[in-house]
Amino acid sequence: MKDLFELDKKHFIHPTSSIKQQQEQGAKSIMKEGDGIYLTDTEGKTYIDAMSSLWNVNIGHGRKELAEAAKQQMETLAFSSAFSTFSNEPAILLAEKIAELSPDGLNAVFFTSGGSESNDSAFKLIRHYWKIKGEPERNKIIALKKGYHGVATASTSATGIPQFWEMADLTVPGFVHAESPYERGTKPSIDSIREVIEREGREQIAAFIAEPIQGAGGVLVPPEDYFKEVRQLCDDYGILFVADEVITGFGRTGKMFGLEHSGVVPDMMTFAKGVTSGYIPLGGVVVSDAIHNVLKEKSSGTLFHGFTYSGHPTAAAVALKNIDIIEREGLVANSQAMGDELLKGFRQIKTELNIVGDVRMTGLLGAMELVEDPETNKRFSPELQVAPKVIEALHERGVVCRAVTYDSTDIICFAPPLIINKAQVHMIVAKLHDAVLSVQKQLGDRVSS
Ligand code: PMP
């Protein structure tokens, strides 16, 4: 038998991981099987996948219908190119389906293989749009601090978490950041965007991009009226508004798309993750009719932007089946109902333990903050590694979760599969209670009681 842990250390450079930790401690778990909300590793230990892996396995693991859809499509036509106006049936039908699900007035789709490619594509399409419209000086993108838009070159630059830039000292010009609306009122947050617009030059701003809920930043929920004000501001300045729905799309927040909570329609929407529940890589950009009309009327010659896998027939066939399951099984409504149930559990834990700060859930996207003093929201000192300790305690108890700790926060994120049921929600709550209690005990007298 091959020693997978040794081979992992020797040959596998992991994404967004500590290489030092990998080399010292080996892979955390080598996952072997998935079934519903559960993952089982090579040691035979089963975990609840409380993050849907990377906020993406919306319909849960092990769904044979998706394997069947991939098999059928691969046997018929695994791949053919969509360059030079060649086309294929699954890509056409998926574009139609996404247009049907998207907000009114967004009806045309550019396909990619993931979220980063989708955002990079959005930025290039936006600059192309302004260029052919005769305003090429509109070439700057405003994004938010604490926002996450991916790790390709432009999407890294749009990301508002500096660690992602510092890793290779890489950002490209033309990306500027405004304040995150989290923990700020709407007005100061909108003022911050306006200041950036005025500082950078209003005639140079191409677009504003934001996640409906900032995911990797720590599941940060903006004030309720924030996006209405953003929409108004963008309209006042003639700026395009892009919603990054990579996490929040396809039922995650209890609506098909996250921005629906605000009753606001963007000019462009990027998606990935939940569109295939991670069974196969796929993402894309949906554009408004107004943008599509400009492309149709003014874009001459070849649009020099396209990935080999833009419009991949097998990926599209899997996406169609995944969306069919989301609709057929009522998973958007279940996300709302089970999210409410999970939040009830979080609130109960907060009444019973001393280190629980804010708890929040929007559909099945939520977080629990751990703080030294819940009254004043005083944070723990980062050396105490509170959130990583809770993640470790959860891992021991068979729950896979993720922490956000930059900016001295201790945030535990939750995004279980949308198929989760009440009994399983209660199981997460029980294990979470137990894990947080064990860390609270370790912290001893640092905790106010
Ligand atoms: N946008 C958002 C909001 C994301 O959360 C992510 C991934 N976590 C991305 C973009 C990048 O997607 P990918 O990792 O598929 O490139």
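Residues numbered from 1 in each chain as written. Predicted model: local features only at pLDDT ≥ 70, side-chain atom pairs only at ≥ 80, totals over all residues.

Draft legend 1. A look at the overall build of the protein chain. Across its full length, the protein chain carries 15 helices and 15 strands. Over its C-alpha atoms the protein chain spans a radius of gyration of 22 Å, differing by no more than 12% from the 22 Å that the globule rule assigns to 449 residues. Taken along the three principal axes of its C-alpha coordinates, the protein chain extends 65 × 55 × 45 Å. For the protein chain, the proportion of its 449 residues judged to be buried stands at 47%. Excluding contacts between residues fewer than 6 apart, the proportion of contacts in the protein chain whose partners are at least 24 apart in sequence is 71%. (Helix = DSSP H or I, 4+ residues; strand = E, 2+ residues; numbered from the N terminus. Rg over C-alpha atoms; globule rule 2.2 N^0.38 Å. Buried ≥ 20, exposed ≤ 12 C-beta atoms within 10 Å, placed from the backbone. Contact = placed C-beta atoms within 7 Å.)

Draft legend 2. Broad picture of the packing of helix 9 (residues 186–200) against helix 10 (residues 226–237). Contact geometry for helix 9 and helix 10: axes closest at 10 Å, N-to-C directions at 25°. Considering the angle they form, helix 9 stands roughly parallel to helix 10. Read as a crossing pair, helix 9 and helix 10 show a hand that is right-handed. Only Tyr226, Glu229, Val230, Leu233 and Tyr237 of helix 10 make contact with helix 9, whose side of the interface consists of Thr186, Ser189, Ile190, Ile193, Arg194 and Ile197. (Axes fitted to C-alpha atoms, helices over the stretch in contact; angles between N-to-C directions. Parallel < 35°, antiparallel > 145°, perpendicular 65-115°, else oblique. Left-handed = near helix turned anticlockwise from the far one by under 90°.)

Draft legend 3. Representation of the pairing of strand 10 (residues 283–288). The element strand 10 is extensively covered by neighbouring structure, given that 6 of its 6 residues are classed as buried. Sheet analysis places strand 9 (residues 268–271) next to strand 10, joined by 4 bridges and oriented antiparallel. Bridge assignment links methionine 268 to a residue of strand 10, and that residue is valine 287. (Pairing = 2+ DSSP bridges.)

Draft legend 4. Examining unusual backbone geometry more closely. A positive phi angle, near 60°, is found at phenylalanine 250, a position not held by glycine. Here phenylalanine 250 lies in the loop between strand 8 (240–244) and strand 9. With a phi close to 65°, asparagine 377 is a non-glycine residue in the positive phi region. One can find asparagine 377 in the loop between strand 12 (365–370) and helix 14 (386–396).

Draft legend 5. Layout of the sheet that holds strand 3 (residues 46–49). Spatially, 4 strands are ordered 1-2-3-13 in an open sheet, and the strand pairing comes out mixed. The open sheet is flanked by strand 1 (31–35) and strand 13 (399–400), the only strands paired with a single partner. For strand 2 (residues 38–41) and strand 3, the ladder comprises 3 bridges, and the chain directions are antiparallel. Of the residues in strand 3, the one forming a bridge with threonine 40 is threonine 46.

Draft legend 6. Representation of the domain arrangement of the protein chain in the model. Entries for the protein chain in the domain assignment read domain 1 (4–59 + 330–446) and domain 2 (64–328). If you average the C-alpha positions of domain 1 and of domain 2, the two centres end up 27 Å apart. Taken together, the contacts link 25 residues of domain 1 with 24 residues of domain 2. At the level of elements, helix 3 (52–55), helix 13 (331–352), strand 11 (356–362), strand 12 and strand 15 (411–414) are the ones that each hand at least two residues to the side of domain 1 that touches domain 2. Broken down by element, the side of domain 1 that touches domain 2 gets its largest block of residues, 5 residues, from helix 13. Looking at the side of domain 1 that touches domain 2 residue by residue, the class counts come to 14 nonpolar, 10 polar and 1 charged. (Domains from an automatic or database assignment. Nonpolar A, V, L, I, M, F, W, Y, C, P; charged D, E, K, R; others polar.)

Draft legend 7. Region of interest: the nonpolar core. In terms of nonpolar packing, the biggest core is built from 123 residues, with Phe208, Val390 and Ile412 touching the most fellow members. Broken down by element, this core gets its largest block of residues, 8 residues, from helix 12 (residues 313–328). Residue assignment places this core across two domains, with domain 1 (4–59 + 330–446) and domain 2 (64–328) each supplying three or more. Those residues in contact with isoleucine 412 that lie beyond four places of it in its chain are Ala367, Met368, Ala387, Val390, Ile391, Cys401 and Ala403. (Core = buried A, V, L, I, M, F, W, Y, C linked by C-beta atoms within 7 Å.)

Draft legend 8. Structural view of the site of the ligand. The local shell around the ligand holds 15 residues, among which Gly114, Gly115, Ser116, Gly150 and Val246 are the closest. A per-element tally of the shell around the ligand places helix 6 (residues 115–132) first, with 3 residues. Of the residues assigned to the shell around the ligand, the class counts are 6 nonpolar, 7 polar and 2 charged. (Near = placed C-beta within 6 Å.)

Draft legend 9. Inspection of the sheet that holds strand 14 (residues 402–404) at higher detail. The sheet built from 4 strands is open, its strands ordered 11-12-15-14 with antiparallel pairing. Either end of the sheet is taken by a strand with one partner, and the two such strands are strand 11 and strand 14. Here the strands of the sheet are splayed against their neighbours by 20° on average, with no regard to which way each runs. Summarising the sheet, strand 12 and strand 15 pair through 4 bridges and their orientation is antiparallel. Bridge pairing links glutamate 369 to isoleucine 411 in strand 15.

Draft legend 10. Highlighting the packing of helix 13 against helix 15 (residues 422–443). Here helix 13 crosses helix 15 at 25°, and the two axes come no closer than 10 Å. Relative to helix 15, the element helix 13 is oriented roughly parallel. For the pair helix 13 and helix 15, the sense of crossing is right-handed. For the pair formed by helix 13 and helix 15, the contact residues are Met338, Glu341, Leu342, Gly345, Ile349 and Glu352 on the first element and Lys422, Val425, His426, Ile428, Val429, Leu432, His433 and Val436 on the second. Looking at the contact of helix 13 with helix 15 residue by residue, the classes come out as 8 nonpolar, 3 polar and 3 charged.

Draft legend 11. Fine view of the confidence of the model for the protein chain. When pLDDT is averaged along the protein chain, the result is 97; 99% of the residues meet or exceed 70. Two summary scores accompany this predicted model of the complex, namely pTM at 0.97 and ipTM at 0.99. (pLDDT = per-residue confidence, 0-100.)

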